[in-house]
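Residue-level listing of the chains:
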Amino acid sequence: MPQLANGSECRVLVSSISSDSHTWNLVYLQLLLEEIGHEVRNIGACTPDELIVEECRRFLPHLVVISSVNGHGALDGHRLITRIRAEPGLESLPVVIGGKLGTEGAAAGTYGPGLLAAGFTAVFEDGCSIEDFREYARLLAPSALTVAHS
């Protein structure tokens, strides 16, 4: 299993946005990340922002993965990342979002710049392949993880 420089395993928190009730995408992401070798905590669908922040503090993940299938990812994701970045100690925590981020079938790249500017580390829009995300997750090498609480 991938480990950090201090010998601990790479921990990943997986969740949806508060308005997204889809669960199979979260199970898929969990299995994909576990297959790569990461320790995963999946906190489920329709997760309130406060619970995600609380789990960041309790689980101390090295990466947070937020998934959206319902098309409200850009709106809810912006609110969520603003909340996470406002928390002391979570300002530099890697947080990524992906899936269907809007409801109007926007071309790939429409929501990414705004979500990156709001504080996400990476954005995987609807047009990205799962291989793009898998490669990102594989690159979580000990030298790349420099989270304050690790």
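Details of the structure are given in the entry above.
As the structure is a computational prediction, the values presented were derived from the model and not from experiment.

Enquirer: Sorry, what's going on with a nonpolar patch on the surface here?
Expert: Together, Trp24, Val27 and Leu31 make up an exposed nonpolar region whose accessible area comes to about 350 Å². Within the secondary structure, Leu31 sits in helix H1 (residues 24–36).

Enquirer: Would you mind going over the packing of helix H2 (residues 49–59) against helix H3 (residues 73–86) with me for this structure?
Expert: Each pair of packed helices gets described by two things: the angle between the helix axes and the distance between those axes. Contact geometry for H2 and H3: axes closest at 10 Å, N-to-C directions at 40°. For the element pair H2 / H3, the angle class is oblique. Between H2 and H3 the crossing geometry is right-handed. Judged by residue contacts, Asp49, Glu50, Ile52 and Val53 of H2 engage Arg79, Leu80, Arg83 and Ile84 from H3. Residues that form the contact of H2 with H3 fall into these classes: four nonpolar, no polar and four charged.

Enquirer: Before we go on, may I ask you to explain the sheet that holds strand S5 (residues 122–125) in this structure?
Expert: Sheet strands line up and pair through hydrogen bonds in the backbone, either parallel or antiparallel. The sheet built from five strands is open, its strands ordered S2-S1-S3-S4-S5 with parallel pairing. Two strands close off the open sheet at either side, each with one partner strand: strand S2 (39–42) and S5. Mean inter-strand twist for the sheet, computed between neighbouring axes without regard to direction, equals 20°. Summarising the sheet, strand S4 (residues 95–99) and S5 pair through four bridges and their orientation is parallel. Bridged to Gly98 within S5 is Phe124. Taken strand by strand, H3 contacts strand S3 (63–68) and S4, and its axis lies near 170° from that of S4.

About the thresholds
- Residues numbered from 1 in each chain as written.
- Predicted model: local features only at pLDDT ≥ 70, side-chain atom pairs only at ≥ 80, totals over all residues.
- Heavy atoms only, no water.
- Patch = residues over 30% accessible without salt bridge, like charges linked within 9 Å, V, L, I, M, F, W, Y side chains within 5 Å.
- Areas by Shrake-Rupley, 256 points an atom, 1.4 Å probe, with all protein chains shown as cover.
- Salt bridge = Lys/Arg side-chain N within 4 Å of Asp/Glu carboxyl O.
- Helix = DSSP H or I, 4+ residues; strand = E, 2+ residues; numbered from the N terminus.
- Axes fitted to C-alpha atoms, helices over the stretch in contact; angles between N-to-C directions.
- Parallel < 35°, antiparallel > 145°, perpendicular 65-115°, else oblique.
- Left-handed = near helix turned anticlockwise from the far one by under 90°.
- Contact = heavy atoms within 4.5 Å.
- Nonpolar A, V, L, I, M, F, W, Y, C, P; charged D, E, K, R; others polar.
- Pairing = 2+ DSSP bridges.

So far we have only geometry, and geometry alone does not tell us how the molecule works.
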